[in-house]
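Descriptive structure summary
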Amino acid sequence: MRFFNLTLLAFFLLVLLFLPTVWAGDKDFYLDEAKVYYEIDPDGLVSVVNEITYRFSGSFSRAWLDIPTGEYEILDAQVSEVAEGKAQPYTRVENPRGRPPGTYTFTRDAKRYTITWFYRAENETKTFRIEYKIYRGIKVYDDVADFHWKVWGGEWERGLPKLWLEVLLPSRIQDPNEVNYWLHPSIKGEISISKDHQKVIAYGEDIPAKQWVEVRIVFPRYYLQKDLDPERVILLKESGRDKILQRAEPQSQGEEEEELSALEVFVGWTGLLSGLSLLGVGIGYLWMVTRRHRDPEIEGVFCEEQPPEDIPPAWVEMLIKKSSSISPDAVVASILELAEKGYLKIQEEEVKSKGLFGRWSRDRSDFKIILTDKPEDPDLSRDTKFLLDWLKSQGKEFYLSDIGREELKDLKDTLEPMAAEAVYEGKKWIDREGELIIGKTVKLWLLIGAISILLGILLASLGLFVGGVMLLFIGPPALINAGIAALFKSKARRYSHQGKVLALRRRAYGDYLAQLFLEPRIPDYPSDYWWRAVKYGLVLGRSREALVAGGRGHFYLEDICFSPLSPGKDPLSILDSFSSAFRASVDSAYTSPSSDSFDVGGDGGGRGGGGAD
C-alpha cells in the first residue's frame with residue numbers, strides 16, 4: 001500500500017511538473033471584432049480602413065490578409081498597430097529575412113493580393129489597421145453606380161463575434177428611396193442609412209468561420225463627378241438599376257401542397273422502383289465490363305534503382321496514370337530531355353517588366369531558351385520531334401514569358417494525341433477496348449434518358465399522367481447511369497502484360513527515389529544518372545526528392561543545361577522556378593474568367609480571408 005501511495009504521489013508530481021510546459025506549448029488566436037470603413041470619393045476611388053482585433057493565446061509573430069484578384073486593383077496598402085487610440089505605422093519591406101516586427105509586405109500573384117505584417121504578441125490582445133485603395137471597385141452605369149464588395153472573406157478559420165461597417169458615399173443622400181443597399185447572406189445584423197444621411201452603416205454578430213459577408217450599395221450616378229477616369233471606375237454604357245434590382249430582390253415562393261391520391265402514390269412508388277432497378281442494371285453492367293477488362297496479374301516485387309529506358313517523359317506519365325492527357329510537368333520534362341540531348345540550353349536571367357500605367361517595375365527572373373545547331377536525331381519520337389520543331393519556330397533565342405498562352409495551349413493539345421498514339425496504338429501498352437464499350441454505353445444511357453424525359457413531359461402535358469410520370473422516373477436514373485459510366489470510362493483501360501511490367505518498374509523507381517531522399521549516404525552516381533532522375537522524377541511526382549538527393553551527391557543542373565543567375569544555385573529552386581513559370585502559363589490558358597451573378601451570392605469583389613501564426 002505504501003508503495004502504491006508513493007507511486008501515485010510521484011505520478012501527480014510529474015503531471016504538475018510538465019503541465020505548465022504542455023500549456024505553454026498550446027497556442028491559438030481568436031478574433032474579437034472587425035471594423036471596416038469605406039470612403040467613396042467623387043471620382044470613384046474607394047479608400048478602405050480595416051481594423052481587426054486579435055486575441056492571442058501563446059506566442060505569435062505574423063498575420064495576413066488575402067484579397068482575391070478581379071477586375072479591380074488594390075494599391076497603396078499600409079499597416080499600422082493601434083494602441084490606446086494611437087496608430088503606430090509599420091514599415092513596408094521586400095523579401096524580409098525572418099519576421100522583423102513592425103514591418104509588412106504587400107504582394108500579388110495570379111489569384112490574390114496578400115498583405116502580411118510582422119509583430120510580437122504573447123497572451124495579449126492587439127488591434128491592427130490595414131489600409132488600401134480600390135481602383136475600379138465601382139461599376140458606373142448611365143443611371144446608377146454599383147458598389148459590390150465582400151467586407152469579410154470566406155476563408156477565415158475563426159468566427160467573428162462582431163462586425164461593424166460604414167460606407168461613406170460621395171454625396172449626401174437627398175432621398176433615401178434613391179439608394180438601395182443589401183447585406184448578404186442573411187446574418188444576425190442590420191443595415192441602414194446613418195442619421196446624417198452621409199453613410200450606409202451595418203453591423204453583424206456571431207459570424208461563423210468560413211462565412212463571407214458582402215455589402216452592395218446602388219446609388220444615383222449624379223453622386224459622382226461628371227467626367228470619370230476608366231482607370232478608377234468601370235464604365236458601362238447601359239442602364240443598371242432595374243437589372244440589379246431584378247437580381248437582388250428575392251422572389252416570393254408560395255406553392256400550395258396538394259394531397260396525393262392513391263393512384264398517384266402507386267404510380268410514384270412504381271416509378272421509383274423502376275428507376276432504382278434501371279440504376280441497378282446500369283451499375284451491374286458497368287461492373288461486368290470493368291471486371292472483364294482488368295489488368296493482368298504480375299507476380300513478384302519490383303525493385304528498380306535505374307531510371308527508365310530512353311522513353312519520352314510524356315509516355316511515362318501516360319503509362320503510369322493510364323491517361324490520355326499530359327500535365328505541364330510532362331512538357332517541362334520533355335523540354336529538359338531536349339536540353340539533355342544538346343538541342344537547347346536554358347539560361348536564367350534578370351529582366352525588366354512594366355507595371356501599372358507603363359512604369360518600369362523592379363527586375364524579375366525569367367528563363368531564356370537558346371536553341372543549338374545540333375542536327376536532329378532520326379530516332380527522336382514523333383512527339384519529341386514536334387516539340388523541338390515548335391521550339392525552333394519561336395526563334396533562335398526567346399524568353400519563356402514571351403510565349404503566348406494560346407500557343408502553349410495549342411502545343412499541349414497537339415502533343416497529347418501524339419503521345420497517346422504511341423502508348424495506346426504503337427506500343428500497345430494499354431488496351432482501350434473496355435473504354436470504347438463504356439463510351440458507347442454512355443451514349444446509349446444519354447439517349448434513353450433524354451427520350452424518356454421528353455416523352456414523359458409530352459404525355460403529362462396531354463393528360464396521360466401515369467405514362468408521363470413513369471417515363472420521368474426512368475429518365476433521371478438513365479442519366480445517372482450515363483454519369484457513373486463516364487466516371488469509370490478510363491477505369492476500363494487495361495494494361496498489356498508488357499505495359500503492366502513497365503508501369504510497375506516505373507512506380508518502383510519512384511519509390512526508390514523517395515527512399516534515396518531519406519538515406520544518410522548517397523551512392524556515387526554520375527551526373528547523367530541524376531539528370532535522368534530529375535527528368536523522370538517530374539512525371540513520377542518525385543522531382544523534389546531527386547533534386548535534393550542529387551544536390552547532396554554534388555549534382556547541379558548547370559552541369560547539363562541550366563545557366564542560373566548564381567553559380568551553384570540550389571537546383572531545387574531553379575527547377576521549381578522554371579516548372580512553376582511554365583505550369584502557370586499553361587494553366588492560365590485553360591482557365592476562363594467567372595461571370596458576375598449577384599443572386600448566387602459571394603461574387604462581389606473583396607477579400608478571401610486571413611490568419612495569424
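Everything below is about the structure shown above.
It should be emphasised that the depicted structure is a prediction, and the values quoted were computed from it without experimental measurement.

**Digging into the sheet that holds strand β9 (residues 125-135)**
Adjacent strands of a sheet form backbone hydrogen bonds with each other and so pair up, either parallel or antiparallel. Spatially, eight strands are ordered β5-β4-β9-β2-β1-β12-β15-β14 in an open sheet, and the strand pairing comes out mixed. One side of each edge strand has no neighbouring strand; the edge strands of this open sheet are β5 (86-89) and β14 (188-193). Taking each pair of neighbouring strands and ignoring which way they run, the sheet shows an average axis angle of 20 degrees. Taken together, the eight bridges between strand β12 (residues 160-168) and strand β15 (residues 199-207) define a ladder with antiparallel strand orientation. Across the sheet, the residue bridging to Glu166 is Ile201, located in β15.

**With respect to unusual backbone geometry**
One non-glycine residue with positive phi stands out, namely Asn95, at about 50 degrees. Within the secondary structure, Asn95 sits in the loop between β6 (91-92) and β7 (103-108). Classification of Asn95 by relative accessible area gives exposed; the value is 64%. Although it is not a glycine, Asn123 adopts a positive phi angle of roughly 50 degrees. By the element assignment, Asn123 lies in the loop between β8 (112-122) and β9.

**What to know about helix α10 (residues 497-518)**
Taking 1.5 Å of rise per residue, 22 residues should cover 32 Å, and α10 covers 32 Å from first to last C-alpha, within 8% of that figure. Turning to α10, its buried residues number three or more, namely Gly499, Lys500, Leu502, Ala503, Arg506, Ala508, Tyr509, Gly510, Tyr512, Leu513 and Leu516.

**Quick look at the packing of helix α4 (residues 313-321) against helix α11 (residues 527-540)**
Contact pair α4 / α11: the axes reach a minimum separation of 9 Å and the direction vectors enclose 35 degrees. The element α4 and its partner α11 pack so that their crossing is right-handed. Facing Pro313, Val316, Glu317 and Ile320 of α4, the residues of α11 in contact are Lys535, Tyr536, Val539 and Leu540. Within the contact of α4 with α11, the residues separate by chemical class into six nonpolar, no polar and two charged.

**Some remarks on the nonpolar core**
Counting 61 residues, the largest nonpolar core has Leu344, Leu391, Trp429 and Phe578 as the members making the most contacts within it. Here this core takes nine residues from α11, the largest share from any one element. Membership of the second largest hydrophobic core comes to 60 residues, among which are Val48, Leu160, Leu228 and Val233.

**Focus: the packing of helix α5 (residues 328-340) against helix α6 (residues 382-393)**
With their axes 10 Å apart at the nearest point, α5 and α6 run at an angle of 80 degrees to one another. Regarding the angle of α5 to α6, the classification is roughly perpendicular. Contacts between α5 and α6 involve Val331, Ser334, Ile335, Glu337 and Leu338 from the former and Thr384, Leu387, Leu388 and Leu391 from the latter. Here the residues of the contact of α5 with α6 sort into six nonpolar, two polar and one charged.

**Quick word on a nonpolar patch on the surface**
A contiguous nonpolar surface patch, about 570 Å² in accessible area, is contributed by Leu447, Ile451, Leu455, Leu458, Leu462 and Leu464. Counting through the fold element by element, Leu455 comes out in helix α8 (residues 433-461). Under the relative-accessibility criterion, Leu455 is labelled partly exposed at 40%.

**What to know about the pattern of salt bridges**
Scanning all chains against the criterion turns up 27 salt bridges. Glu376 is paired through a salt bridge with Lys385; the nearest N and O atoms lie 3.5 Å apart. With a relative accessible area of 28%, Glu376 lands in the partly exposed category. Bridged by salt links that share partners, the residues Glu376, Lys385, Asp389 and Lys392 form one connected network.

**Some points on α4**
Residues spaced three or four apart along an α-helix face the same direction, because each turn holds 3.6 residues. The buried count for α4 comes to eight of nine residues, which makes it a mostly enclosed element. Where α4 ends, the next residue or the one after it, Lys322, has phi of about 50 degrees, a positive value.

**As for the packing of aromatic side chains**
If you walk through the whole model with that rule in mind, you get 17 aromatic pairs. For the pair Trp152 and Trp156, a centre-to-centre distance of 4.6 Å together with 10 degrees between the ring planes defines the contact as stacked. As far as the burial class goes, Trp152 and Trp156 line up, both buried. Seen in terms of ring centroids, Tyr222 and Tyr223 are 5.2 Å apart; in terms of plane orientation they differ by 80 degrees. Their pairing is edge-to-face. Residue Tyr222 is classed as exposed on the basis of its relative accessible area, which comes to 52%.

Rules used throughout
- Residues numbered from 1 in each chain as written.
- Predicted model: local features only at pLDDT ≥ 70, side-chain atom pairs only at ≥ 80, totals over all residues.
- Heavy atoms only, no water.
- Pairing = 2+ DSSP bridges.
- Helix = DSSP H or I, 4+ residues; strand = E, 2+ residues; numbered from the N terminus.
- Axes fitted to C-alpha atoms, helices over the stretch in contact; angles between N-to-C directions.
- Buried < 20%, exposed > 50% of the residue type's maximum accessible area, 1.4 Å probe, protein only.
- Expected span 1.5 Å × (residues − 1).
- Left-handed = near helix turned anticlockwise from the far one by under 90°.
- Contact = heavy atoms within 4.5 Å.
- Nonpolar A, V, L, I, M, F, W, Y, C, P; charged D, E, K, R; others polar.
- Core = buried A, V, L, I, M, F, W, Y, C linked by side-chain atoms within 4.5 Å.
- Parallel < 35°, antiparallel > 145°, perpendicular 65-115°, else oblique.
- Patch = residues over 30% accessible without salt bridge, like charges linked within 9 Å, V, L, I, M, F, W, Y side chains within 5 Å.
- Areas by Shrake-Rupley, 256 points an atom, 1.4 Å probe, with all protein chains shown as cover.
- Salt bridge = Lys/Arg side-chain N within 4 Å of Asp/Glu carboxyl O.
- Phe/Tyr/Trp six-rings, centres within 6.5 Å; stacked < 30°, edge-to-face > 60°.

Without other data, these values stay purely geometric and don't point to any function.
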